[in-house]
Amino acid sequence: MAKRGATRRAWVKLFITGWLHGSIRWQLEPDERSVWADLLCLAGECSKHGRIVDNDNNPFPIAYIANHFNISPELLERTISKCKKDGRLEENNGILIIINWGVYQSEYERQKKYRKVKGAIYDKGAGF
């Protein structure tokens, strides 16, 4: 999904307190929370700053995403609708965009430039 030179995410953050005790817990049903987590992962795989698009920046069809997640299109559409209403997602010309995408990014990526400056010891698993 990522174009040559783009960085795919190896992981995205879920804040423990927010996930277990935040508004997502009562605003989304368990199956919808699962879809939300899948949407975060798909956005990370797309490497387009929270936009869920193909390599040509076109939106994925709902049927494709639902099939990819192994869920019904109805569940996906219901989750998208709730997430848009609650300010987690926006849609622009069919493109799903994770609002506050930066919040879900790892500290590893943010700190990478400092590890390169300090030396390779940090990148070789020295326990730092």
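Structure report, in brief. (Residues numbered from 1 in each chain as written. Predicted model: local features only at pLDDT ≥ 70, side-chain atom pairs only at ≥ 80, totals over all residues. Heavy atoms only, no water.)

Bringing the sheet that holds strand E1 (residues 51-52) into the picture now. On the basis of which strands lie adjacent, the open sheet formed by three strands has the order E1-E3-E2 and antiparallel pairing. Looking at which strands have only one partner, the edges of the open sheet turn out to be E1 and strand E2 (89-92). With four bridges connecting them, E2 and strand E3 (residues 95-98) associate as antiparallel partners. By the bridge assignment for E3, Leu-89 is matched with Ile-98. (Pairing = 2+ DSSP bridges. Helix = DSSP H or I, 4+ residues; strand = E, 2+ residues; numbered from the N terminus.)

It is worth spelling out unusual backbone geometry at this point. Non-glycine residue Ser-47 carries a positive phi angle of around 55 degrees. Among the secondary structure elements, Ser-47 is positioned in the loop between helix H3 (30-46) and E1. Even without being glycine, His-49 reaches a positive phi, approximately 55 degrees.

This part covers H3. Residues spaced three or four apart along an α-helix face the same direction, because each turn holds 3.6 residues. Here H3 is 17 residues long and its end C-alpha atoms lie 25 Å apart, about the 24 Å a rise of 1.5 Å per residue gives. Every buried residue belonging to H3 is among Glu-32, Arg-33, Val-35, Trp-36, Leu-39, Leu-40, Leu-42, Ala-43, Gly-44 and Cys-46, and all of these are buried. One or two steps after H3, the chain reaches Ser-47, where phi turns positive at roughly 55 degrees. (Expected span 1.5 Å × (residues − 1). Buried < 20%, exposed > 50% of the residue type's maximum accessible area, 1.4 Å probe, protein only.)

This brings us to the nonpolar core. Trp-36, Leu-39, Ile-52, Ile-65, Leu-76, Leu-89 and Ile-98 are the most contacted members of the largest nonpolar core, which totals 24 residues. Among the secondary structure elements, those contributing two or more residues to this core are H3, helix H4 (62-69), helix H5 (73-85) and E3. The biggest single contributor to this core is H3, with seven residues. Setting aside its immediate chain neighbours within four residues, Ile-98 contacts Trp-36, Leu-39, Leu-40, Ala-43, Gly-50, Ile-52, Arg-88, Leu-89 and Tyr-104. (Core = buried A, V, L, I, M, F, W, Y, C linked by side-chain atoms within 4.5 Å. Contact = heavy atoms within 4.5 Å.)

Our next topic: the packing of H3 against H4. Helix-helix packing is described using two parameters, namely the angle between the two axes and the distance between the axes. Direction vectors running N to C along H3 and H4 enclose 105 degrees, while the axes themselves pass 11 Å from each other. One element, H3, and the other, H4, form an angle in the roughly perpendicular class. On H4, the residues that touch Val-35, Asp-38, Leu-39, Leu-42 and Glu-45 of H3 are Ile-65, His-68 and Phe-69. Across the contact of H3 with H4, the residue classes tally to five nonpolar, one polar and two charged. (Axes fitted to C-alpha atoms, helices over the stretch in contact; angles between N-to-C directions. Parallel < 35°, antiparallel > 145°, perpendicular 65-115°, else oblique. Nonpolar A, V, L, I, M, F, W, Y, C, P; charged D, E, K, R; others polar.)

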